[in-house]
Amino acid sequence: MKRKNFTYSICNFLDHETERVLLVKGAWGIGKTYCIESILNENQEHYKFIRVSLFGISNINNLSRVVSENLVNKFIHQNTNQAVKMVLSVPFISNFIPKQVPTIDQIKIGDSFSKFVVFFDDIERTSIRMQEFFGYVDRMKSSSGFKIIIAMNDNRINENEIREIKEKVTDKELRLTDTLEYVIDDIFKQDAEFALGIFNNLKIVNIRVVIKSYQVMSQILSMTHDLNTENLSRLKASCLCLSAKYFSSEDFDESILKNISQFDASFIFNSIINAYLDSQIVNKDLIALHNNYLVKSQVDNNNNEMFKKIVSLFEMTFQDNSKEIISLANEFIRQPSLNERQLVYIINLLISLDQKIQLEELIDIWIYDKGNYSAWFINELMDMFKDSSSHNILEKYLHREKEYVTEDNSSNKNNSYLIHLYLSQCIMSKFYFFEDELSAFSRDDWLDFVNDTATMDIFIKLQGDILNFISNEKGSYLKQALKHMMLIPIQKLRLVRIFGKDIEKIE
């Protein structure tokens, strides 16, 4: 039965005068709990309910205690004599009613609802014999005014063993199937169509997996910003695909991922998502660094496309299109994070077309937005802007030697920090999630990293993982760095102290 018909049948059962016990069947994870609770919550003005999970309950006394606790905690404060009468009608409940519960005379009459519903869930996960459980339900049916709903994964229960008593106790049976497309809107809202396409291709029908995948996606997305539509789609697809794989466990066919067009197996966030799934912990600085890398790539791609268009308009045609070129060029020189050589080309073009450029207004965009600049760039600007006022402005930047850095030094510093972030995350999750990323760093990157004062503690915590890493090809650059360190006696003593004599055997 599909969700729409299922909802109608549940509501029909709740309103029926004589039907008291409903059995809902369906495969594990199909959404029985989610759908039943959703319907009951939608109708809670008329139907007050409790959900009782039988998971871990070993006998009828324990079951009755759990039922009584749920009823007392949820309804005894509703201040209705109807509530107390209902509670007292539960089989064996007198042993579990707290002494502080008020008497019927002390409770005011209320009529805000018409029916109580007890929803028994996870009955296949109890050690109570099914004969005993259904016998308990039959006594509740006979002695109370409850509506009773039972959710059952009949793939886990031998139905032949319970057929006779089940048919005696239950008044109605339903089977739930094909719930995903009916619940996806409630879970994913504006991303419902996107998520449904992915889960259908992955053949995921388990609502628990879907809900958990959504929670992972929401958590990761909450730590990112300014991603364009393409990268946002790639990130969402990675969250859903990798979460579905993780939560489905051995039932997941990994080869299906190749059929998901939105999934990029080499996407920069995949390792972080896997690490978060494994540990529920993620280094926010690592997320921020990857996010910023993507945002910068987006800006670079946009700038490159605009630059190519201007060059094409200028160099590939004899059309009189100077107005279009000037307009695009003026827009280009105001973009963030511009490539210096592209910017010099465009400035030269504008000057050649007799366009006045407000250097004082734009220099802060070109310099400070980039975060660093080269002496070559400042000298090129000085060659293009000949007036004295422009030279005075540029002279200030040229002589601030500490404010511009070489690309190599900046890269080495960033790589050392990135290694630190990856290894810090490895402490909280599994090392192999980041082996591919760590294999990309050079020997010099690793040597720069080990000069960091925090390196010793990280190596101690990851000593087994580090030894495994350098024993395969992916760890070859780290191995080279450690061999270089072993040439210095004090460093050799430190490495042996951390890794033991095995470190001396590296080739």
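Residues numbered from 1 in each chain as written. Predicted model: local features only at pLDDT ≥ 70, side-chain atom pairs only at ≥ 80, totals over all residues. Heavy atoms only, no water.

Chemist: I tried to follow helix 22 (residues 463–470) on my own but got confused; where do I start?
Modeler: Residues spaced three or four apart along an α-helix face the same direction, because each turn holds 3.6 residues. Listed in full, the buried residues belonging to helix 22 are I466, F469 and I470. Axial view of helix 22: buried residues confined to an arc of 90 degrees, hence all on one face. Residues of helix 22 that are buried in the fold lie against helix 19 (435–439), helix 20 (443–450), helix 21 (455–461), helix 23 (476–486) and helix 24 (489–499). (Buried < 20%, exposed > 50% of the residue type's maximum accessible area, 1.4 Å probe, protein only. Helix = DSSP H or I, 4+ residues; strand = E, 2+ residues; numbered from the N terminus. Arc of directions from axis to C-beta. Contact = heavy atoms within 4.5 Å.)

Chemist: Explanation requested: the pattern of salt bridges in the structure shown.
Modeler: For the structure on display, the rule yields 18 salt bridges. We note a salt bridge from K430 to D278, for which the minimum N-O separation is 3.8 Å. With a gap of 152 residues between them, K430 in the loop between helix 18 (407–428) and helix 19 and D278 in helix 11 (residues 270–279) connect regions that are remote in the sequence. Take D278: its relative accessible area is 25%, and that puts it in the partly exposed class. For K461, the salt bridge identified is with D457, shortest N-O distance 3.3 Å. On the criterion of helical spacing, the pair formed by K461 and D457 is a turn pair, its members being four residues apart in helix 21. For K461, a relative accessible area of 51% corresponds to the exposed category. Members of the salt-bridge network, linked through shared partners, are R51, D121, D122 and R125. (Salt bridge = Lys/Arg side-chain N within 4 Å of Asp/Glu carboxyl O.)

Chemist: Explain the packing of aromatic side chains here, please?
Modeler: Aromatic ring pairs: the centre-centre distance and the angle between the two ring planes describe each pair. For the structure shown, the criterion picks out 17 aromatic pairs. Pairing F116 with F146 gives two aromatic rings, centres 6.0 Å apart and planes at 80 degrees, and the pair type is edge-to-face. Placement of F116 in strand 3 (residues 115–121) and of F146 in the loop between helix 5 (130–143) and strand 4 (147–152) is noted, with a sequence separation of 30 residues between them. For the residue pair F116 and F146, the accessibility class agrees, reading buried in each case. Summarising the aromatic geometry, the rings of F188 and Y214 are spaced 5.1 Å apart at their centres and angled 80 degrees between planes, so their arrangement reads as edge-to-face. (Phe/Tyr/Trp six-rings, centres within 6.5 Å; stacked < 30°, edge-to-face > 60°.)

Chemist: Honestly, a nonpolar patch on the surface in this entry has me stumped. Any pointers?
Modeler: Residues L487, I488, I490 and L493 make up a contiguous nonpolar surface patch of about 420 Å² in total accessible area. Judged by its relative accessible area of 40%, I488 is partly exposed. (Patch = residues over 30% accessible without salt bridge, like charges linked within 9 Å, V, L, I, M, F, W, Y side chains within 5 Å. Areas by Shrake-Rupley, 256 points an atom, 1.4 Å probe, with all protein chains shown as cover.)

Chemist: Got a minute to help me understand the state of the cysteines in this structure?
Modeler: One way to say it: the disulfide is the covalent bond shared by the sulfur atoms of two cysteines. A complete count under the given rule lists zero disulfides for this structure. The cysteine C239 is free of any disulfide, with C241 supplying the nearest cysteine sulfur at 9.7 Å. A relative accessible area of 0% means that C239 is categorised as buried. (Disulfide = S-S within 2.5 Å.)

Chemist: Please explain the layout of surface pockets as it appears in this structure.
Modeler: One water molecule sets the probe size; rolling that probe over the atoms shows where empty space is left. Volume-wise, the second largest pocket comes out at about 330 Å³. What lines the second largest pocket is a set of 17 residues, and nearest its centre among them are I204, N206, V209, S248 and D251. Here the residues of the lining of the second largest pocket sort into ten nonpolar, three polar and four charged. (1 Å grid on protein atoms, 1.4 Å probe; cavity = no way out; pocket = protein on both sides within 12 Å on 5 of 7 lines; lining within 4 Å. Points joined across faces, edges and corners; volume = space filled by probe spheres on them. Nonpolar A, V, L, I, M, F, W, Y, C, P; charged D, E, K, R; others polar.)

Chemist: When you look at the packing of helix 9 (residues 207–221) against helix 10 (residues 229–248) in this model, what are you seeing that I'm missing?
Modeler: Any two packed helices are characterised by how steeply their axes cross, that is the angle between the axes, and by the distance between the axes. Across the interface, helix 9 lies against helix 10 with an axial gap of 9 Å and an inter-helix angle of 140 degrees. One element, helix 9, and the other, helix 10, form an angle in the oblique class. Two packed elements cross with a definite hand, and for helix 9 against helix 10 that hand is right-handed. Across the interface between the two elements, V209, K212, S213, Y214, V216, M217, I220 and L221 of helix 9 pack against L232, L235, K236, C239, L240, S243, A244, F247 and S248 of helix 10. Considering only residue class, the contact of helix 9 with helix 10 consists of twelve nonpolar, three polar and two charged. (Axes fitted to C-alpha atoms, helices over the stretch in contact; angles between N-to-C directions. Parallel < 35°, antiparallel > 145°, perpendicular 65-115°, else oblique. Left-handed = near helix turned anticlockwise from the far one by under 90°.)

Chemist: Looking at this model, I keep getting lost on the sheet that holds strand 4. Mind explaining?
Modeler: Picture the strands of a sheet paired through backbone hydrogen bonds; they go either parallel or antiparallel. In space, the five strands of this open sheet follow the order 2-3-4-1-5, with parallel pairing throughout. The open sheet has two edge strands, strand 2 (47–53) and strand 5 (172–175), and neither has a second partner. Across this sheet, the average inter-strand angle for adjacent strands is 20 degrees, counted without regard to direction. Where strand 2 lies against strand 3, seven bridges are found, and the strand directions are parallel. Directly across from V52, in strand 3, lies its bridge partner F120. In the packing of helix 2 (residues 32–42) onto the sheet, the strands contacted are strand 1 (21–25), strand 2, strand 3 and strand 4, and the crossing angle to strand 2 comes to about 160 degrees. (Pairing = 2+ DSSP bridges.)

Treat this as a map of the structure, not an account of what it does.
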